[in-house]
Amino acid sequence: MKTEHPGAVTEGGSTPGGRFSNNFDFLRFAAAAMIVFAHAYALRLGYVGIGMYDPVILVAQAGLAALLVTSGYLIAMSWESTASPLRFAWKRFLRVIPALVVAILVTLFVIGPLLTSLPGEEYFAALFSPAAFFTAPYFEDGSVIGLFQGNPWTYVNGSLWTIPVEVMMYGVVAAIGIAGLLHRGGAIAALAVVNILAWMYWFDDPRMAKVRFTLYFLAGAFLYLHRHRIAYRPVVAGALLLLLGLSAMTPYVTVAGVIAIPYLTIYAAHIPIPFLSTFGRPGDFSYGIYIYHYPVQQALIQVTANALLLPALFGLSFAVTFALAFLSWHAVEKPALAAKSLGTDDLRRRLRLPSLPESLTAWWIARK
């Protein structure tokens, strides 16, 4: 059951020795595929006429929720098994940032120059302008660089909004862990209550109601920290699935999702299915799929003048995205993760950080 690799759309579920004992890799891959399909649907239509409770959009939200549950679960595990805050931060950096930086560079310096509506020199001038600096990192508005402006929806890479949210939650886990409160149920519960109150306030606001997704991360962390007290039973999973089904056509499906999806995700992650438990052996491609699929779909929509039907757009975009994710894993992510084994002293030297006083080091070990 134990895994070395944390992260929602980031790391795999293999054990340090190479044996696979859970289905996290498969679940993340499936969740990423669900999001690819839903975005193909939404980008092709431009979100016009798509309601908050459209079944396909709910599928994407369920996929993202599952990714964040696994993130909370595995990040809490990573914190517990990591020797120091510095090493924890280093591992998170290696898993998220190198591949993300490469994906951004591919988008801006390969896809951008090929598909922009601006002349070449104007594109690069706009790319390095102050306006682009404040809009490009989250890729919601491509108008500054003339990208995808003729598409039904003009975002460049709308999926990336979750990355800073997830990184923020890594910091939350670290802060609670450093304070010695991670194993005290009140800390996670208190954060969840604050989150629920904020969600209730913004419940009818489609954008701000996204605050609920951090609840999934917190729920995943809670399920890991209390794993010895929680029984995963088919009858409970069946009841929660029934709850989701009955709520699907109501305004409270998102509430049912927060209640049901965390338990169902971790339950599914540990069902003993041999093929699924070895799914990630060739590599963990879910993160690459997540960070590349959106601009790939936008590029295909622009090049084909949005003439592809949904099955064709999904299939072609998934094939192209999977190829990029394969390259990302083998050329960027896997080599970056090889550096996670550096010792704490090595990290301090490479990052030019001062050594911690012996008293502080002893205090940290005692809290662990």
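A few points on the structure. (Residues numbered from 1 in each chain as written. Predicted model: local features only at pLDDT ≥ 70, side-chain atom pairs only at ≥ 80, totals over all residues. Heavy atoms only, no water.)

Looking at helix 8 (residues 213-225)
Working step 1: When the terminal C-alpha atoms of helix 8 are compared, their 19 Å separation across 13 residues agrees well with the 18 Å that a helix rising 1.5 Å per residue should span.
Working step 2: With 11 of 13 residues buried, helix 8 lies mostly within the body of the structure.
Working step 3: Three or more residues of helix 8 are buried, namely F213, T214, L215, Y216, F217, L218, G220, A221, L223, Y224 and L225. (Helix = DSSP H or I, 4+ residues; strand = E, 2+ residues; numbered from the N terminus. Expected span 1.5 Å × (residues − 1). Buried < 20%, exposed > 50% of the residue type's maximum accessible area, 1.4 Å probe, protein only.)

Observations concerning helix 3 (residues 85-115)
Working step 1: Its 31 residues place the ends of helix 3 43 Å apart at the C-alpha level, agreeing with the 45 Å of an ideal helix rising 1.5 Å per residue.
Working step 2: The largest bend in helix 3 is about 30°, located at F93. (Bend = angle between axes of the 7 residues up to and from the residue.)

Considering a nonpolar patch on the surface
Working step 1: A cluster of nonpolar side chains, contributed by V101, L105, F109, V110, L114, F124 and F128, occupies part of the molecular surface with about 690 Å² of accessible area.
Working step 2: Of all the elements, helix 3 adds the most residues to the nonpolar patch, at 5 residues.
Working step 3: Of note, F109 is situated in helix 3. (Patch = residues over 30% accessible without salt bridge, like charges linked within 9 Å, V, L, I, M, F, W, Y side chains within 5 Å. Areas by Shrake-Rupley, 256 points an atom, 1.4 Å probe, with all protein chains shown as cover. Salt bridge = Lys/Arg side-chain N within 4 Å of Asp/Glu carboxyl O.)

Comments concerning the packing of aromatic side chains
Working step 1: Scanning the entire structure with this criterion turns up 25 aromatic pairs.
Working step 2: Taking the centre distance of 6.3 Å and the plane angle of 45° together, the rings of F109 and F128 count as tilted. Of this pair, F109 sits in helix 3 while F128 sits in the loop between helix 4 (120-127) and helix 5 (130-135); the two residues are 19 residues apart in sequence, bridging distant segments of the chain.
Working step 3: For F109, a relative accessible area of 39% puts it in the partly exposed group.
Working step 4: Overall, the relative accessible area of 62% leaves F128 in the exposed class.
Working step 5: One aromatic cluster is present, formed by F26, F29, F37, F275, F279, F285, F314, F318, F322 and F326 through successive ring pairs.
Working step 6: Its end group placed over the ring of F88, R92 keeps NZ or CZ at 5.3 Å from the ring centre.
Working step 7: R92 extends its terminal NZ or CZ atom over the ring of Y170, reaching a point 5.9 Å from the ring centre. (Phe/Tyr/Trp six-rings, centres within 6.5 Å; stacked < 30°, edge-to-face > 60°. Lys NZ or Arg CZ within 6 Å of the ring centre and 35° of its normal.)

Digging into unusual backbone geometry
Among all residues save glycine, negative phi is the norm, and among peptide bonds the norm is trans.
Working step 1: The backbone of A305 shows a phi angle near 55°, a positive value even though the residue is not glycine.
Working step 2: You can see A305 is positioned in the loop between helix 12 (286-303) and helix 13 (310-337).
Working step 3: A positive phi angle, near 60°, is found at N306, a position not held by glycine.
Working step 4: By secondary structure assignment, the location of N306 is in the loop between helix 12 and helix 13.

Concerning the packing of helix 8 against helix 10 (residues 253-269)
Working step 1: Put simply, helix 8 and helix 10 touch, their axes get as near as 10 Å, and they point 35° apart. As helix 8 packs across helix 10, the resulting crossing turns out to be right-handed. Counted together, L215, Y216, A219 and L223 of helix 8 and T254, G257, V258, I261, P262, Y263 and I266 of helix 10 form the full contact between these two elements.
Working step 2: Its residues assigned to classes, the contact of helix 8 with helix 10 comprises 9 nonpolar, 2 polar and no charged. (Axes fitted to C-alpha atoms, helices over the stretch in contact; angles between N-to-C directions. Left-handed = near helix turned anticlockwise from the far one by under 90°. Contact = heavy atoms within 4.5 Å. Nonpolar A, V, L, I, M, F, W, Y, C, P; charged D, E, K, R; others polar.)

Side note on the pattern of salt bridges
Working step 1: Under the definition given, this model contains 5 salt bridges.
Working step 2: Salt bridges sharing common partners tie together D25, R28, R95, D284 and E333.

A look at the nonpolar core
Working step 1: Core analysis: the largest hydrophobic core is formed by 71 residues, its most contacted members being Y73, I145, Y216 and I291.
Working step 2: Broken down by element, the residue count for this core peaks at 11 residues, all from helix 2 (residues 55-81).
Working step 3: Core analysis: the second largest hydrophobic core is formed by 16 residues, A38, A40, L43 and L310 among them. (Core = buried A, V, L, I, M, F, W, Y, C linked by side-chain atoms within 4.5 Å.)

What to know about the packing of helix 3 against helix 6 (residues 162-178)
Working step 1: At a minimum axis distance of 11 Å, the contact between helix 3 and helix 6 shows a crossing angle of 175°. Here helix 3 is positioned roughly antiparallel relative to helix 6, judged by the angle of their axes. Across the interface between the two elements, P85, F88, R92, V96 and L100 from helix 3 touch I163, V167, Y170, A174 and I178 from helix 6.
Working step 2: For the contact of helix 3 with helix 6, the per-class residue count stands at 9 nonpolar, no polar and 1 charged. (Parallel < 35°, antiparallel > 145°, perpendicular 65-115°, else oblique.)

Purely spatial values, then, with no claim about function.
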